[in-house]
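# Coordinate analysis (summary)
Residue strings, one per chain:
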Amino acid sequence: MEATNVPISYVEINREETDDDFQPANIRRKIGGGGSLPILNPVVNTNDTTTAVNMSESVPNTTAPKLPKIYVGSRTHKQLAQLIGELKGNTFYRPKMSILGSRDQMCIDKKVSKSATKADDCGTLLDARHCIPGLQAGKLISNPNIQRGGSMEIWDIEDIVRLGSQTRCCPYYATRGMADFAEIVFCPYNYLIDPIIRKVMRIDLKDAIVILDEAHNIEDSSRSAGSFEVTEVDLGMLQTELNQVIRNKQLPEEHNLLLYFTESLLEWIKDPSNMFTIKEFEQHVHLWSGKEIIAKLKDIGITKNTFEASLTPAYTAIAALAESVRRERERDANIESKKELTENEDGTPKVHNRKCLSNYALRLIEGIFMVLGFMYESNTNYEDDYRMVLIKKVNRTGDSSTSSEWVFKLGFWCLNPGVIFNQLSTLTHSIVLTSGTLSPLNIFASELNSPFPIRLEANHVIEESQVWVRVIPTGPNNCLLKGVYTQMESFNYQDDVGEALCGIAETVPFGVLCFVPSYSTLNKLKNRWTATGILKRLEKRKRIFYEPSGQAKATFEKTLKDYYGYIKSIEEKGPNKGKDGAIYFAVFRGKVSEGIDFKDNNCRAVVTIGIPYPNM
């Protein structure tokens, strides 16, 4: 009998296992604290067909079942560090472990770690056998310090990077190797949710236990994982690479199939009959429903049958070719240096004949095919959960306002998080979702289109008297503070929000957090308040900090450290020139909104302006 998959919403699992080899069992294993996780233990086969069993005469099955691997995911590496700290400091559970992270966190090569294209540069060094830490990753895997009983048997990213630097062994590839035999693996949860990332990282969730912390983001993350976007430039590059491989006579039939598909997408983008129904400043948008996407695909000869019988096998063969070429390059470290571009008689370079598609090109095809796979999936109506969108946007190519051109992007947007989550729950043994803000659970389960038969809603750790929550409907000048786009653009709204915020800052001591919908909204408010003097009034009572946009981790951490330091100085020395604290402006779903600790005086009030709408 096949075991049923039980997705659940907290940390208590009570699972009955029934299959041909094992008697029904109720299995638990404590990992400390509050809650329990299941680990399958060997049991004796008692042959269901017998009504009475003499255990002394039965033959035990001495082969222990494969234990399910536990994957623990959270939204950020900082949150993972907190979870690992809890495992290390508050439990006696000492499993074989690994942490999966990006090269941004783990690369120790001096040049590659500072590169903007780490993945490409890393691959180039490894192909040429020039990355010593990468070649020695196996030594880090067997390092006694991180084995059971070692001084670092439970470790985090900083620990493994430090050890890797000391031993000149690559933490990035070592941790991927350790994940193969680990009992518990920690990683950002998009590594588990996104099918493409799972494949790249070689994560097999078959019968695994998946625990997702901070799971209130799971809906947005699932929609994002089920979506894919590709630019006209990307498709042009893919078209070029396909032609180059075809000229080299490598699987010409398969590559021609994908070339036809790619050129059809380019024709869709450039079709003059496209009617852009949504027209904004410097951006026009045209939408197709799922059924319209299927119809357009049918017009170019692509149906469920041709996708499954022709296009998918063609991609599989092309990906296998690319893998074999990669292995060939590993055997010949000098192959890259032997490639040369010769010139034509007119001095222009000859077009290079490729042996295979690049990894980037393969990812483009895989992303589009992932979406089509969901839309064509049997026994589902996922085509209704997708929209295809063509975005035509002005691209500024220089300082002059007239120096611009239209660029195109084709997106396949998933509107239903259940598309991805159902796939996840089908693969796994069980899923545990934890968060302080999943309630109401019925709506949450409905959004994910999955049953959650086991649920726990715990009481809050603080008393009601310790928190005061209010909605401010109007500002000091009676402006309706309705955080919709048209209202937020008006000066009256911006001014009254500023006045209200000044009142709060002048009343609440120490730290205040203020969240706004986007960086553009933050800039508009900042500019308006500078012009009206509201910002100057705010600065008289609070030192102002802003969450930096972009991916600069060091800049963000410095800003956060300065904020903490200023609050601490106020605690120790009292108000500074009338300032009794600081205010930190941040963005919904930004860096400050997840996994950052603002305890005690670091945050005595939180102000939210507008609503954190899901990203589209």
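This structure is a prediction, so every number in the text was calculated from the model and none was measured.

Moving on to the overall build of the chain. When helices and strands are counted, the chain shows 23 helices and 19 strands. Expressed as a percentage of the 616 residues in the chain, the buried residues total 44%. Put simply, 72% of the contacts in the chain that link residues at least 6 apart link residues at least 24 apart. Within the structure as shown, the chain displays about 33,600 Å² of accessible surface, and the carbon and sulfur contribution to it stands at 51%.

This part is about the side chain of threonine 262. Here threonine 262 shows up in helix H12 (residues 252-270). Those residues within four positions of threonine 262 in sequence are excluded, and the remaining contacts are Leu235, Leu238, Gln239 and Leu242.

To continue, consider the sheet that holds strand E17 (residues 542-546). Read from one edge to the other, the open sheet built from four strands follows the order E17-E18-E16-E19, with strand pairing classed as parallel. The outermost strands of the open sheet, each flanked by one partner alone, are E17 and strand E19 (605-608). On average, each strand axis in the sheet is inclined to that of its neighbour by 20 degrees, with strand direction left out of account. Relative to strand E18 (residues 581-587), E17 runs parallel, the two sharing five bridges. Considered in E18, the bridge of tyrosine 546 is made with phenylalanine 585. The sheet contacts of helix H22 (residues 534-541) involve E17 and E18, and relative to E17 the element is tilted by about 115 degrees.

For the chain, the mean per-residue pLDDT works out to 80, and 82% of the residues sit at or above 70. Taken together, the stretch residues 1-62 has pLDDT below 50 and engages in 117 contacts with residues farther than four places along the chain or on a different chain.

Residues Val461, Ile462, Val467 and Val469 make up a contiguous nonpolar surface patch of roughly 390 Å² in combined accessible area. Of note, valine 469 is situated in the loop between helix H18 (441-448) and helix H19 (485-488).

Under the defined criterion, the tally for this structure stands at 16 aromatic pairs. Put simply, the rings of Phe261, Phe307, Tyr315, Phe369 and Tyr376 pair up and form one aromatic cluster. Note that lysine 296 overlies the ring of tryptophan 268, its terminal NZ or CZ placed 5.0 Å from the centroid. A cation over an aromatic ring shows up here: lysine 526 above the ring of tyrosine 546, its NZ or CZ 4.3 Å from the ring centre.

What follows is about the environment of glycine 581. The residue glycine 581 is located in strand E18 in this model. Judged by relative accessible area, glycine 581 falls into the buried class, the value being 0%. Expressed as a C-alpha distance, the spacing of glycine 581 and arginine 541, which sit 40 residues apart in the sequence, is 7.2 Å. With residues up to four places along the chain from it excluded, the contact list for glycine 581 reads Phe510, Arg541, Lys542, Arg543, Tyr566, Ile567 and Ile570.

For strand E8 (residues 184-188), the tally of buried residues reaches five of five residues, placing the bulk of the element in the interior. Where strand E6 (residues 70-74) and E8 come together, five bridges link them in parallel fashion. The partner of serine 74 across the bridge, within E8, is proline 188. As defined by bridge partners, strand E7 (residues 97-99) adjoins E8 across three bridges and the pair is classed as parallel. Bridge assignment links methionine 97 to a residue of E8, and that residue is isoleucine 184.

Thresholds applied
- Residues numbered from 1 in each chain as written.
- Predicted model: local features only at pLDDT ≥ 70, side-chain atom pairs only at ≥ 80, totals over all residues.
- Heavy atoms only, no water.
- Helix = DSSP H or I, 4+ residues; strand = E, 2+ residues; numbered from the N terminus.
- Buried < 20%, exposed > 50% of the residue type's maximum accessible area, 1.4 Å probe, protein only.
- Contact = heavy atoms within 4.5 Å.
- Areas by Shrake-Rupley, 256 points an atom, 1.4 Å probe, with all protein chains shown as cover.
- Pairing = 2+ DSSP bridges.
- Axes fitted to C-alpha atoms, helices over the stretch in contact; angles between N-to-C directions.
- pLDDT = per-residue confidence, 0-100.
- Patch = residues over 30% accessible without salt bridge, like charges linked within 9 Å, V, L, I, M, F, W, Y side chains within 5 Å.
- Salt bridge = Lys/Arg side-chain N within 4 Å of Asp/Glu carboxyl O.
- Phe/Tyr/Trp six-rings, centres within 6.5 Å; stacked < 30°, edge-to-face > 60°.
- Lys NZ or Arg CZ within 6 Å of the ring centre and 35° of its normal.

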